[in-house]
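Spelled out from the first residue to the last, the chains are:
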Amino acid sequence: MVITSKSNQLIKDIIKLSSDRKFRKEAGLFVVEGIKPVNECLASDCKIEKIVCREDLADKFPQAVLVSESVFNAVSTEKTPQGVLALVHIPKMKPAEPKNSCLLLDRLQDPGNLGTIIRCANAAGYTELYLLNCTDAYSPKAVRASMSGIFFVKIYECTLSEAFGALANVPLICADMDGENIFAFNAPEKFCLCIGNEGGGISEEVMKKAQYKVKIPMRETCESLNAAVSAGIAMYQLKNSLLRG
């Protein structure tokens, strides 16, 4: 059977999952789109509720619900739809003490930045991320920008008290322009790197808890770096300082 109607309930739910954060949270599902991302999601520990694909891809995804091309184009958030998506369960996890060095993201609002940071975190080995009042990590744009990194890290959406409780025994390193040069800084063996809001930086509450502050030195002609770029540089440099030390 091939779904050919855009008024089908599953189709309407997929569209709402892609556009409505509240509905994603209520349903406990998010959308992963594209052949490579879906295959990488299948290879991860993520729990997949359903796969939906165009009827011409039935041989590649035999377990999928089949839809017509026009219906798939209606649910896709991609400029050039590849014809397959998965509905994936959002992991239910209470904030817990990290096993290794981790990230605290404070009020990030750009889903592209958040997804890119998740991508870098996965690459650099920061597998636990604590999100304070951030944009939704499970929005299509953030998931896409994470380049499958979101399948391989733990995302804790938490309050200040929950974050501070989980990180009580972990020194906080805040990225701040008044900090010391990160390239001369020796990180403790286990730490939490804090990255702040794109325009406002790290909140006062988080900054008060910082044991260390570090900055990325820049020419006077540059006022600041993109949050994701700063996070990527800091993640690798702090790990490198441990190797150097």
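Residues numbered from 1 in each chain as written. Predicted model: local features only at pLDDT ≥ 70, side-chain atom pairs only at ≥ 80, totals over all residues. Heavy atoms only, no water.

Caption draft 1: Spatial organisation of the environment of Val31. Mapping Val31 onto the fold places it in strand S2 (residues 29–33). Put simply, Val31 and Ile14 are 17 residues apart on the chain and 7.5 Å apart in space, counted from C-alpha to C-alpha. Contact partners of Val31, with chain neighbours within four places excluded, come to Ile14, Leu17, Ser18, Leu85, Ala86, Leu87 and Val143. (Helix = DSSP H or I, 4+ residues; strand = E, 2+ residues; numbered from the N terminus. Contact = heavy atoms within 4.5 Å.)

Caption draft 2: Structural context of the pairing of strand S3 (residues 48–54). Relative to strand S5 (residues 84–89), S3 runs antiparallel, the two being bridged by five bridges. From the neighbouring strand, Val52 faces S5, where its bridge partner is Leu85. Looking at chain direction, S3 and strand S4 (residues 65–67) are connected through three bridges and run parallel. From the neighbouring strand, Cys53 faces S4, where its bridge partner is Leu66. (Pairing = 2+ DSSP bridges.)

Caption draft 3: Structural view of the sheet that holds strand S11 (residues 212–215). Here six strands make up an open sheet; going across it, the order is S8-S7-S6-S10-S9-S11 and the pairing parallel. Either end of the sheet is taken by a strand with one partner, and the two such strands are strand S8 (154–157) and S11. When the angles between neighbouring strand axes are averaged without regard to direction, this sheet yields 35 degrees. One ladder, built from four bridges, connects strand S7 (residues 128–132) with S8; its direction is parallel. Looking at the pairing, Leu131 lines up with Glu157 of S8. Most of the contacts of helix H5 (residues 111–124) go to strand S6 (residues 102–106), to which it runs at about 170 degrees, and overall it touches S6, S7, S8 and strand S10 (192–195). (Axes fitted to C-alpha atoms, helices over the stretch in contact; angles between N-to-C directions.)

Caption draft 4: Expanded view of the pairing of S2. Burial of S2 is extensive: five of the five residues sit out of reach of the surface. Burial of S2 is two-sided: the residues Leu29, Val31 and Glu33 facing one way and the residues Phe30 and Val32 facing the other way are all buried. Bridge count for S2 against S5 is five bridges, and the pairing is antiparallel. Residue pairing across strands places Val32 opposite Ala86, the latter belonging to S5. (Buried < 20%, exposed > 50% of the residue type's maximum accessible area, 1.4 Å probe, protein only.)

Caption draft 5: Expanded view of the packing of aromatic side chains. Per the counting criterion, the structure on display carries five aromatic pairs. Aromatic pair Phe185 and Tyr212: ring centres 5.3 Å apart, planes at 65 degrees, arrangement edge-to-face. Of this pair, Phe185 sits in the loop between strand S9 (172–181) and S10 while Tyr212 sits in strand S11, and the two are 27 residues apart along the sequence. Its relative accessible area of 31% is what places Tyr212 among the partly exposed residues. Here the basic side chain of Lys16 rests over the ring of Phe23, its NZ or CZ set 4.8 Å away from the ring centre. (Phe/Tyr/Trp six-rings, centres within 6.5 Å; stacked < 30°, edge-to-face > 60°. Lys NZ or Arg CZ within 6 Å of the ring centre and 35° of its normal.)

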